[in-house]
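Here's the letter readout for the chains.
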Amino acid sequence: DTKRMEELFTRNQQMKEQHRLLTENIKTLENRLRAGLCDRCTVTQEVAKRRQQEYEASQIQSLQHISLLAGEMTNLRKENLKLKDDITNLRAMLDGSQGSWCLSPAVYGREAGYTLGRSPIHRRATQRHMQKDLNSATNCPTVQP
């Protein structure tokens with residue numbers, strides 16, 4: 001019986017020691033929990049925050065590009081309307097010239113008060129019209145009102 005008692009006593013001492021260690025671990029973990037996130041969680045949180053900031057910056061940049069493109073579209077629409085008006089005016093002038101008018105190249109461009117677009121397409125179209133008028137101006141030497 002004494003041997004059995006000693007074994008139980010030793011085992012009881014071991015269990016008390018284990019209980020004490022477990023209690024200390026629990027207190028340590030509770031303190032860590034109160035203190036904040038673990039290192040791994042902190043790093044994960046920082047990475048998530050950085051990615052969120054990058055995403056928001058990208059969104060802002062995209063919105064700025066959209067705004068610029070919308071403004072450019074508005075300007076192009078205005079220019080398109082002006083060019084349509086210029087075409088209408090030029091057609092009206094050409095229709096009026098088919099009767100008694102003979103237009104010389106001098107009535108085009110700045111002298112006539114027209115400012116066509118600066119793009120190469122408009123320049124080429126203007127040059128073609130001027131070449132046609134040059135060809136027809138040789139057939140009509142004077143300008144009659």
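Everything numeric in this text was worked out from a predicted model, so none of it was measured.

Caption draft 1: Here's a closer look at the pattern of salt bridges. Overall, the coordinates contain four salt bridges when judged by the stated rule. Across the pair Arg20 and Glu17 runs a salt bridge, and its minimum N-O distance is 2.3 Å. Taken together, the residues Arg20 and Glu17, both in helix α1 (residues 2–35) and three residues apart, mark about one turn of the helix. Classification of Arg20 by relative accessible area gives partly exposed; the value is 39%. In this structure, the salt-bridge partner of Glu30 is Arg34, at a minimum N-O distance of 4.0 Å. Placement of the pair is Glu30 and Arg34 together in helix α1, with a separation of four residues, close to one helical turn. The class for Glu30 is partly exposed, based on a relative accessible area of 38%. Sharing partners across several salt bridges, the network here consists of Glu17, Arg20 and Glu24.

Caption draft 2: Quick look at the confidence of the model for the chain. For the chain, the average pLDDT comes to 79, and 67% of its residues sit at 70 or higher. At the low end of the mean pLDDT range in the chain sits helix α3 (residues 120–137), at 61; at the high end sits helix α2 (residues 39–97), at 93. The low-confidence segment residues 100–116, where pLDDT is below 50, has 35 contacts with residues more than four positions distant or belonging to other chains. Note that residues 140–145 has pLDDT below 50 and, in this model, nine contacts with residues that lie over four places away or in other chains.

Caption draft 3: Representation of the UniProt feature "coiled-coil region" (unreviewed entry) in the chain. Per the UniProt annotation, the sites labelled "coiled-coil region" (unreviewed entry) are residues 5–32. Secondary structure content for residues 5–32 is 100% helix and 0% strand, and the end C-alpha separation is 40 Å.

Caption draft 4: Focus on α1. Between its first and last C-alpha atoms α1 spans 49 Å; for 34 residues at 1.5 Å apiece the expected length is 50 Å, and the two agree. Positive phi appears at Gly36, one or two residues downstream of α1, with a value of about 140°.

Caption draft 5: Representation of α2 in the model. Taking 1.5 Å per residue as the helical rise, α2 with its 59 residues ought to reach 87 Å, and the 86 Å between its terminal C-alpha atoms agrees with that figure. Within α2, the full set of buried residues consists of Leu83, Asp86, Leu90 and Ser97.

Cut-offs used in this document
Residues numbered from 1 in each chain as written. Predicted model: local features only at pLDDT ≥ 70, side-chain atom pairs only at ≥ 80, totals over all residues. Heavy atoms only, no water. Salt bridge = Lys/Arg side-chain N within 4 Å of Asp/Glu carboxyl O. Helix = DSSP H or I, 4+ residues; strand = E, 2+ residues; numbered from the N terminus. Buried < 20%, exposed > 50% of the residue type's maximum accessible area, 1.4 Å probe, protein only. pLDDT = per-residue confidence, 0-100. Contact = heavy atoms within 4.5 Å. UniProt positions renumbered as here; feature names shortened; annotations may be inferred. Expected span 1.5 Å × (residues − 1).

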